[in-house]
Amino acid sequence: MIVEYVRYALTRSAPEDLIEAYRTGGRHLEAAPECIDFDLAQCSEAPESVVVRITWRSAEAHMSGFRRGPHFPPFLAAVRPFIGEMVEMRHYETRLPSKAAS
């Protein structure tokens, strides 16, 4: 399992538009067998800062499975307008899980 964090600093787009894009694109994440889950969090102090967390079965499942599969094109179409406002998109390995995750 690997976690992808996508961080946005919105300067041209409204946060509500990004949230709606992930509501639309998220249906394709949920349908993809490579994706375990995802969520989107908006900073309460700086609403233009948004973080998306996507849990993948593995980095390989994300990069070779999802990105080459049928769910990626419609997902990308939904979020493509915001790519220029992305400041981070990386995979992370969980090193210290919470009790809830145990």
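Scroll up to find the structure.
Residues numbered from 1 in each chain as written. Predicted model: local features only at pLDDT ≥ 70, side-chain atom pairs only at ≥ 80, totals over all residues. Heavy atoms only, no water.

1. Brief notes about the packing of aromatic side chains
Here is step 1 of the chain: For the structure on display, the rule yields 6 aromatic pairs.
Here is step 2 of the chain: With a centroid separation of 6.1 Å and an interplanar angle of 75°, the aromatic rings of Tyr-8 and Tyr-22 are classed as edge-to-face. On the criterion of sequence distance, the pair formed by Tyr-8 in strand S1 (residues 2-9) and Tyr-22 in helix H1 (residues 15-31) is long-range, its members being 14 residues apart.
Here is step 3 of the chain: Ring geometry for Phe-66 against Phe-72: centres 5.6 Å apart, planes inclined by 80°, an arrangement best described as edge-to-face.
Here is step 4 of the chain: For Phe-66, a relative accessible area of 2% gives the class buried. (Phe/Tyr/Trp six-rings, centres within 6.5 Å; stacked < 30°, edge-to-face > 60°. Helix = DSSP H or I, 4+ residues; strand = E, 2+ residues; numbered from the N terminus. Buried < 20%, exposed > 50% of the residue type's maximum accessible area, 1.4 Å probe, protein only.)

2. Points about the side chain of Glu-85
Here is step 1 of the chain: As for its placement among the helices and strands, Glu-85 is situated in the loop between helix H3 (72-79) and strand S4 (86-92).
Here is step 2 of the chain: Buried charge without a salt bridge: Glu-85, with Arg-12 as the nearest opposite-charge side chain at an N-O distance of 4.5 Å.
Here is step 3 of the chain: Only 2.6 Å separates the side chain of Glu-85 from the backbone nitrogen of Thr-11, close enough to count as a polar contact.
Here is step 4 of the chain: For Glu-85, the side chain forms a polar contact with the main-chain nitrogen of Arg-12, separated by 2.7 Å.
Here is step 5 of the chain: Once you skip the residues sitting within four places of it in the chain, Glu-85 turns out to touch Arg-7, Tyr-8, Ala-9, Leu-10, Thr-11, Arg-12 and Ser-13. (Lys, Arg positive; Asp, Glu negative; His and termini not counted. Salt bridge = Lys/Arg side-chain N within 4 Å of Asp/Glu carboxyl O. Polar contact = N/O pair within 3.5 Å; in protein donor to acceptor, adjacent residues only side chain to side chain. Contact = heavy atoms within 4.5 Å.)

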